[in-house]
Amino acid sequence: MGELEVHALRGVDFSLYAGEMVVLLGASGSGKSTLLNILGGLDTPTDGCVHYRGGSLTQASEAELTNYRRRHVGFVFQFYNLIPSLTAEENLTLVTEIADDPLPARDALELVGLGLRCDHFPAELSGGEQQRVAIARAVAKRPQILLCDEPTGALDVHTGARVLDVIRRVNRELGTCTAIITHNVSVAEIADRVLTLSDGRIQSEQHNARELRR
Amino acid sequence: MRALTKKLLRDLAHMRGPALTIALVVGAGIASFISLRGSYETVLAARDAYYSTQRFADVFCELERAPRALLDEVAALPGVARAQARAVGTGRVLLASLPEPADAKVVSIPEHGAPMLNGFVLIAGSMPSTERDDEALINEQFAEIHRVQPGDHLDVVLEGRKRSLRVAGLAMSPEFVLSMASGAVAAAPDRFAVLWMRQHAVESTYDLAGAFNDLTVALIPHAQPAQVVRALDQLLGKYGTRGAYTREHQTSHRQLTENLMQIASIATLAPTIFLCVAAFLLNTALSRLIELDRTQIATLKALGYRNRDVGLHYLQLGLCIAGVGALLGMAFGSLLASKLVGFVVRFYRIPQLTFELTPALIIAALSASVGAALVGSSLAVRSVVRLAPAEAMRPAAPPRYTQSAWSRFVSARIAPASRMVARELSRRPLRFLASTLGIAVATGVIVLGQFQADAMKFCLDVYMLAQQRETMAVSFVQPMATDAVRSLQSLPGVRDVQWRAVLPVRVRVGHRERIVNLVAHPDRHSLRPLLDEDARRVPVERGEVIATDMLARVLGAQAGDTLLVEPLSGDRTPRPLVMTGTVSELLSLWIHMHEADFARWLGVAPMATEAHLLIDSDRVEAVQRELNRMPQVASAARKQLLIDEFRRDRGAIGPVFATVLTLFAATLALAITYNNARVSLSTRARELASLRVLGFSRAEVARVLTGELAVQVLLGVALGMLLGRALVSSMLASSELEAVRFTKHIGMHAYALAALVTLSGGFVSAQLVRRKLDKLDMTEALKTRQ
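Values in this document were obtained by computation on a predicted structure and should not be read as measured data.

A. Summary view of the nonpolar core. In this structure, Leu94 of chain A together with Leu256, Tyr348 and Ile350 of chain B are the most contacted members of the largest nonpolar core, which totals 128 residues. Residue contacts for leucine 256 of chain B: discarding those within four places in its chain leaves Val43, Arg47, Tyr51, Val177, Leu178, Tyr348 and Ile350 of chain B. Leu92, Cys118, Val139 and Val187 of chain A belong to the second largest nonpolar core, which has 38 residues in total.

Right under this line is the structure:
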C-alpha cells in the first residue's frame, strides 16, 4: 500500500493580534492541532506561509524556530507535559533559566494561585493544579503568544472553568495574545474572536461583542 | 543548580537499578584494565629500571674453560661494549628445613668493587671479605624462605667437598628475578640458592685459576645481537662453549617476559569485552528512557531548548553512569592490582615493586569509559536530536508487528502468552541478538576463567603425574654408560631403573634457530613416556625424529625437512637430522629420537644423562642419601617436590584470576538480564497491566515477561559455551609461549559453572523484576499516556 497524502489544513488565512484572546474551535480531525503546532513553530507547513512580526516562520531554520519558541511562545498542553522529576517551581525555572526577561518563578505560580505548592512534584498535584503550573510555566517567560492545546480537555467542568479563569487573567494582566484550541463550544465564551475549523478550513469567524477589547 | 541538572540527577536516582548494574559492568572492565595493565606496567617499569641500574647483560655464554686473556678479544668483537668474565659453579646447600639439598649456583664477583655487568643490590650485611674464601652473599629470597641471616653459617657441598660458608650479606640480582637454574622450566625459590663469592674463592674451588667459564656481554646501541652471538660462538668454539644466547633466552628473563605477555594479553581482552557490553547496555537503557521520555523531550524543545541542549542532557546521563563505573573500577582495580603485585613479588624479586595508580593509567581508564559511554549513548541520543517536537507531542504509534506464514503456523500452535513472547522477540531482533550475545559473553568469560585454573590442574594432576611416573629423577655430572646406570638397580628398595640422554643442542633451519634439548629414548621408557597435550602416549620408534610442534612452527619446519643440529657439549660439529614428525607437548621445546639412532648419529656408545627410579616408599630417603653420596650424581629430586614447586609457582595465580573473572562475569550476566527485564517491563507496563485487567493472574503476566528473559538466557548460555571455547583459543593464540603451553582441555565443570552462574543471574533478575511487576498499579499503568 502506498503512502496517502493527507492535507490537515487547506487555505487557512487569518491573523492574530497583540493582546487578543482567540479560540480555535473544531471537532477532532479538523486540523486545529496542526494549526497550533505551526503557529508555535513546532511544525512547518508544506505549503503557504506564516509571518510573525514581519519575519517568516516558514522560511526559518530549525535554530530560528527554536529561538522563536524560546523568546516568544508559551505552550499549554492538554496533558500538561510537566517534567515529573522536577517540582512545580523547578518546572518553571526550566523556562526562566533560558528566557531573556522572565517573571520570577514564584510570582508566576502566585499568578495562577499556586504560590504555596512550589515544592510539590507533579505527581503530588491534582490535574487542575498541574495544568495551572503548566500555564505558569508558559507565561513565566512573558511570551508574546500563549498557545493552549485543549487546556481543559483532561479536566472536569469545575476545574476546567478555574483553569480558563487563570488563562483569561494572564491574558488581561500581561496582555499576551492567547490562542486556545478546543472542541468544547463553551470555552468559546471567553474569547474575543472565535474561529471555527472544519475539514482543514476556517468555516466561520465570530467576534464576541461583550468580550471585545478592554 | 540548573533545573536540567536536577532532572538529570533525579532521573539517575529513578533508574538507579539499571544504572548501577551498568556502572558495575563498566567498573568490572576498568578494574580488570587497571589491575592487569597496571600490574603489567608496574612490573615492566620496575624490571627495566632494575636491569638498567644493575647493568643486566645483553648476551650470555657458558663454556667449559677459557683463559682470562681471551676477554680482550671478546671485548674487541664488533658490537660489544663491555665483556665480563666470571667463574661459575654449581653446588648444593644442606639445610635442616629441606629433605634434600637445595641446588646452588656459585657466581664469582670481582676482588674489589661491584661487578661490571649483572650487578646486585646488597639488601643486608656486607660484601664478602677479600681476605677470606669462606664468605658469600646469598640471594635474599632463599634466605627469606629459610630464615638465613647475615652472620649465619651454611653447610654446602662444592665440587663434592662439604664446606661451611659464612653468610656475609643478602643480595638480589636481575639475573635471578625468578630463582631458576639455567634451563629450568619453573622457578624454585626454596630449592635454588645463588651464592656470590669473591673471584679467588670461586676460582680455587672450581680449579679455574686464571680462567673463566661464564661470559656476560653488554652491547653497544643498535648492535646486531645475532652477529655478536655468532662471533662469540666462533671465538669460543674451542673452549667448550655451550652456545652464546641473547637476553631473550636468559632463563629468568624469558620466564618473566612470558608471564608478563600472558598478563598483557588478558589485560586487553577482558576490558574490551566488558566495555563493549557496557556500551550495549547503556544503549538499551538510554533508548528505553528516551522512548518513555518522548513527551518530556518534546516539551523541552517546545519550551525553546535546543537539540544540542536536550541531546547533551541524555549524553550526560550516559557519561555519569560510566563515570561512576570508572571510579568504582579504579578503586577496586587499584586494590586488585596491589594484591596482584603483592602476589607476584613472591616470585619476581624486583626492588621497588609496588603498584601505583599512575596518571597515564587514570587517563587511559577514563578515556576508555568515556569512549564506551559515548559509543553506547550516541545512537540513543541521535534519536533525541532527530525527534521533531510536534511529532513527540503525539503518543508514539503502536509498535508494528508482522506475521509471516511461518510465524502464523507457529502462533497457531502455542499459547497466547508464548505468542506475545515470540512476537516481542522477533520485533526487536537486533536487541534480542545483542542481549543473547552479551549473555554468551558472560558465559564465555567464566569458561575462560575456569579454563585457566583447570589448565594448571590438568598440567599438574594429569600431565605431570602421567609424564613423570618415577619416584626420583637423578641427573649425572657427566654422561654415563647405560650399563653403569643399570647398576643403580642394586640399591636396596629400587624396583626399576630407566634412563635417557638429554643433549642440549642448537637447532637451525635457514636463518631461524633455537637452543633446545634433544632427548634419546631407550626401548623401555615407561617412567618418562612421551605424551601429547591430551596426555596420550606417543611411542618413539627407531628411525623417527619427532619435534614439538611449537618448535617446528618456530623454525618453520615440516616433516621431511632437514634440521641442522649442533650439539652444545662434546663434539660440537653440526650435523643434519631429518624431522619425521611432530608432537603437541605441553612443556618445553624438545626433539625426540630413539636411543640407538641417537648413538649412531653422534657416533658414540649408548649413554644416559639422567635416570628415573621407582623406589619402595619406605626406602626413598635411604636411596636419596645413597645417591647424594655418589660423586657422579649432580642431583636427585623427588617428583612430589617438583610438582609442589610447580603448583606454587604457576598454579596459585590461576584460581585468583578465575575467581575475579567469574565475579566480573556474574556482574555482566546480572546486568544484562536485569536491564533487559527492566526495559521490557517499563516499555510494556501498559500492555501487561491490560492483561491483568483482562483477568490474567500475576504469575501468568510474569510468564510473558520472564519468558523473553528465559529464551535469551538459555540461548545465550548455549552460545556462551561455544564462545568460551573460542575465547580460550584466542587467549592461547595471543599469549602463546614457547616453553610452556596450556592444554586446550576445558573441563565439564567449567561449562557447568558458567551455565550455573549465568542462569542464576537470569533467575535473580527475573525475581527482581517480578517484585516490580507485582507492585504494578493496574489503573495507574492504564492512565499513563502511550
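Still more to cover.
B. Just the packing of aromatic side chains, in detail. Residues and elements named next belong to chain B. Counting across every chain of the model gives 10 aromatic pairs over all chains. With 6.2 Å between their ring centres and 45 degrees between their planes, phenylalanine 176 and phenylalanine 192 make a pair best called tilted. On the criterion of sequence distance, the pair formed by phenylalanine 176 in the loop between strand E8 (161–172) and strand E9 (192–198) and phenylalanine 192 in strand E9 is long-range, its members being 16 residues apart. Judged by its relative accessible area of 7%, phenylalanine 176 is buried. Taken together, the ring pairs in this structure connect Tyr51, Phe56, Phe60 and Tyr245 into an aromatic cluster.

C. Structural view of the interface of chain A and chain B. With 25 residues of chain A in contact, the opposing surface of chain B contributes 25 residues. Our count for the contact surface shared by chain A and chain B stands at three salt bridges. Glutamate 90 of chain A serves as the salt-bridge partner of lysine 6 of chain B, at 3.4 Å between the closest nitrogen and oxygen. Among the elements of the structure, helix H2 (62–72) and helix H3 (88–96) of chain A are those that each provide at least two residues to the side of chain A that touches chain B. Residues of the side of chain A that touches chain B, tallied by class, amount to 11 nonpolar, six polar and eight charged.

D. Here's a closer look at the pairing of strand E3 (residues 88–94) of chain B. Residues and elements named next belong to chain B. Of all seven residues making up E3, five are buried, and the element is well covered by its neighbours. Two strands pair when backbone bridges link them, and E3 and strand E4 (residues 102–109) are joined in this way by six bridges, in the antiparallel orientation. Of the residues in E4, the one forming a bridge with valine 88 is valine 107. Direction of pairing for E3 relative to strand E7 (residues 153–158): antiparallel, over a ladder of four bridges. Bridge pairing in E7 places arginine 92 opposite valine 157.

E. Quick look at the sheet that holds strand E10 (residues 211–219) of chain B. Residues and elements named next belong to chain B. Reading across from one edge, E2-E10-E1-E11 is the order of the four strands in this open sheet, with antiparallel pairing throughout. A strand with exactly one partner marks an edge of an open sheet, and here the two such strands are strand E2 (80–86) and strand E11 (245–246). Of the pairings in the sheet, the one linking strand E1 (residues 59–67) to E11 comprises two bridges and is antiparallel in character. Note on E11: the bridge partner recorded for valine 59 is threonine 246. Helix H6 (residues 225–236) rests against E1, E2, E10 and E11 of the sheet, and its axis sits at about 160 degrees to E10.

F. Representation of the side chain of asparagine 171 of chain A in the model. Residues and elements named next belong to chain A. Along the chain, the position of asparagine 171 falls in helix H6 (residues 157–174). On the accessibility criterion, asparagine 171 (6% relative accessible area) is buried. Excluding anything up to four places from it in sequence, asparagine 171 contacts Gly19, Glu20, Met21, Thr176 and Thr178.

G. Structural context of the confidence of the model for chain A. This prediction gives chain A a mean pLDDT of 86; 94% of its residues lie at or above 70. Note on residues 210–214 of chain A: pLDDT is under 50 here. Beyond four places in sequence and across chains, it has 11 contacts.

H. Molecular detail of the pattern of salt bridges. Enumeration over the complete set of coordinates arrives at 42 salt bridges over all chains. Close ionic contact of aspartate 199 of chain A with arginine 10 of chain A constitutes a salt bridge, the shortest N to O distance being 3.6 Å. Residue aspartate 199 of chain A is located in the loop between strand E7 (193–198) and strand E8 (201–207), and its partner arginine 10 of chain A is located in the segment before strand E1 (21–26); the two are separated by 189 residues in the primary sequence. Aspartate 483 of chain B is paired through a salt bridge with arginine 486 of chain B; the nearest N and O atoms lie 2.9 Å apart. Here the residue aspartate 483 of chain B and the residue arginine 486 of chain B both occupy positions in helix H15 (residues 482–486), the gap between them amounting to three residues, near one helical turn. Given a relative accessible area of 54%, aspartate 483 of chain B falls into the exposed group.

I. Layout of a positive patch on the surface. Residues and elements named next belong to chain B. Taken together, the side chains of Arg16, Arg771, Lys772 and Lys775 present a region of like positive charge at the surface. Here the element with the most residues in the positive patch is helix H23 (residues 748–775); it accounts for three residues. Mapping arginine 771 onto the fold places it in helix H23. A residue is classified by how much of its surface remains accessible, and arginine 771, at 54% relative accessible area, is exposed.

J. Looking closely at the sheet that holds E1 of chain A. Residue and element names in this part refer to chain A. In space, the six strands of this open sheet follow the order E4-E5-E6-E1-E7-E8, with mixed pairing throughout. With partners counted over all chains shown, the strands left at the sheet margins are strand E4 (73–76) and E8, one partner each. In this sheet, adjacent strand axes meet at a mean angle of 20 degrees when their direction is disregarded. Taken together, the five bridges between E1 and strand E6 (residues 177–182) define a ladder with parallel strand orientation. Of the residues in E6, the one forming a bridge with methionine 21 is threonine 178. Relative to the sheet, H6 contacts E1, strand E5 (145–149) and E6, its axis offset from that of E6 by approximately 155 degrees.

K. View of the side chain of serine 435 of chain B. Residue and element names in this part refer to chain B. Take serine 435: it is sitting in helix H14 (residues 429–467). According to the relative accessible area criterion, serine 435 is buried, its value standing at 0%. In contact with serine 435, other than residues within four places in its own chain, are Phe280, Ile672, Asn676 and Gln712.

L. Region of interest: helix H18 (residues 620–629) of chain B. Residue and element names in this part refer to chain B. Taken together, the buried positions of H18 are occupied by Val620, Val623, Gln624 and Leu627. Seen from one end, H18 has its buried residues packed into an arc of 100 degrees, which puts them on one side. Buried residues belonging to H18 abut strand E12 (472–481), strand E13 (494–509), strand E20 (607–615) and strand E21 (633–638).

M. The state of the cysteines, seen in detail. Residue and element names in this part refer to chain A. Evaluated as defined, the whole model comprises zero disulfides over all chains. For the unlinked cysteine cysteine 148, the closest cysteine sulfur is that of cysteine 177, found at 10 Å. Overall, the relative accessible area of 0% leaves cysteine 148 in the buried class.

N. Structural view of the packing of helix H2 (residues 16–53) of chain B against helix H10 (residues 359–386) of chain B. All names here are of chain B. The geometry of H2 relative to H10 is characterised by a closest axis approach of 10 Å and an angle of 150 degrees between their N-to-C directions. On the basis of the axis angle, H2 is roughly antiparallel to H10. Here the hand of the crossing between H2 and H10 comes out right-handed. Within the contact between the two elements, H2 uses Val26, Ile30, Phe33, Ile34, Arg37, Gly38 and Glu41 and H10 uses Leu361, Ala364, Ala365, Ala368 and Ser369. Class assignment for the residues of the contact of H2 with H10 results in eight nonpolar, two polar and two charged.

Definitions and cut-offs
Residues numbered from 1 in each chain as written. Chains lettered and ligands numbered in written order. Predicted model: local features only at pLDDT ≥ 70, side-chain atom pairs only at ≥ 80, totals over all residues. Heavy atoms only, no water. Core = buried A, V, L, I, M, F, W, Y, C linked by side-chain atoms within 4.5 Å. Buried < 20%, exposed > 50% of the residue type's maximum accessible area, 1.4 Å probe, protein only. Contact = heavy atoms within 4.5 Å. Phe/Tyr/Trp six-rings, centres within 6.5 Å; stacked < 30°, edge-to-face > 60°. Helix = DSSP H or I, 4+ residues; strand = E, 2+ residues; numbered from the N terminus. Salt bridge = Lys/Arg side-chain N within 4 Å of Asp/Glu carboxyl O. Nonpolar A, V, L, I, M, F, W, Y, C, P; charged D, E, K, R; others polar. Pairing = 2+ DSSP bridges. Axes fitted to C-alpha atoms, helices over the stretch in contact; angles between N-to-C directions. pLDDT = per-residue confidence, 0-100. Patch = residues over 30% accessible without salt bridge, like charges linked within 9 Å, V, L, I, M, F, W, Y side chains within 5 Å. Areas by Shrake-Rupley, 256 points an atom, 1.4 Å probe, with all protein chains shown as cover. Lys, Arg positive; Asp, Glu negative; His and termini not counted. Charge placed at Lys NZ, Arg CZ, Asp CG, Glu CD. Arc of directions from axis to C-beta. Disulfide = S-S within 2.5 Å. Parallel < 35°, antiparallel > 145°, perpendicular 65-115°, else oblique. Left-handed = near helix turned anticlockwise from the far one by under 90°.

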